[in-house]
Amino acid sequence: MHVHAEDILSTHHIQATAMRLLVMSAIIDNDGPVSLNELETALETVDKSTISRALNLFSAKGALREINDGNGSRRYCICKDAEGHSSGSHVHFTCIKCHKTVCIESVQVPSIELPEGYKISEQSYLIKGICPDCE
Ligand SMILES: [Zn+2]
Ligand SMILES: [Zn+2]
């Protein structure tokens, strides 16, 4: 199912400026979690600080999920379930051979119980292993 940049921005109450739509569309077009560097390459005509400001806003509003791919770079993905709705955290997988990180949206991060007094603001679940392409 294809998602539209306008829909994601309006779902998350983000004012749709031309630049924000451009950045969000580039994230949608990218297959899987995208890094800032990859976005800068894809949007070479756009000012870098504009891209990072948009990313910060999107993740603050919950439209993007920030993940650390385990190789030291930060990646962003749109969190949606099968119907295209924004959903809870899904699992990510990083291949130790080709270093690709993918969203595994069919697998939700299990909810965990923390001892009293601990509040979760963010949780991510990254699995490392060998992907089907490298097997
Ligand atoms: Zn691989
Ligand atoms: Zn993801």
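As a convention, each chain's residues are numbered from 1 in the sequence order in which they are written. For naming, the first written chain is A and the first written ligand is 1, with later ones following in the order written. Restriction of local features to residues with pLDDT of at least 70 applies here, the model being predicted, together with a cutoff of 80 or more for giving and counting side-chain atom pairs; totals for whole chains, interfaces and linings are based on all residues. Excluded from the side-chain calculation are hydrogens and water; included are all heavy atoms of the structure.

### A closer look at the coordination of the zinc ion (ligand 1)
Looking at the zinc ion (ligand 1), one finds its protein donor set to be Cys-95 (SG), Cys-98 (SG), Cys-131 (SG) and Cys-134 (SG), positioned 2.3 Å from the metal centre. The donor set comprises N, O and S atoms within 2.8 Å of the metal, extended to 3.2 Å for Na, K and Ca; water molecules are omitted, so apparent gaps in a site may simply reflect that omission. Donor angles set the geometry label: tetrahedral for four donors if every angle is between 85 and 135 degrees, square planar for four and octahedral for six if opposite donors exceed 155 degrees and the others are between 65 and 115, irregular for anything else. Coordination at the zinc ion (ligand 1) comes from four donor atoms whose angles at the metal span 105 to 115°, giving a geometry best classed as tetrahedral. Site description for the zinc ion (ligand 1): donor spacing in sequence, C-x2-C-x32-C-x2-C.

### Side note on the coordination of the zinc ion (ligand 2)
Metal coordination angles have textbook ideals: 109.5 degrees for a tetrahedral set of four donors and 90 or 180 degrees for an octahedral set of six. Within the first shell, the zinc ion (ligand 2) binds the protein through Cys-77 (SG), His-90 (NE2), His-92 (NE2) and Cys-103 (SG), at distances of 2.0 to 2.3 Å. Given four donor atoms and angles of 101 to 120° at the metal, the environment of the zinc ion (ligand 2) is assigned as tetrahedral. Spacing between the donor residues of the zinc ion (ligand 2) along their common chain follows C-x12-H-x1-H-x10-C. Here His-90 lies in strand β4 (residues 90-95) and Cys-77 lies in strand β3 (residues 74-78), a separation of 13 residues in the sequence. For the residue pair Cys-77 and His-90, the accessibility class agrees, reading buried in each case. In DSSP terms, a helix is any run of H or I states spanning at least four residues, a strand is any run of E spanning at least two, and both are numbered starting from the N terminus. Whether a residue is buried, partly exposed or exposed follows from its accessible area with a 1.4 Å probe, protein chains only, as a fraction of its type maximum: under 20%, in between, or over 50%, in that order.

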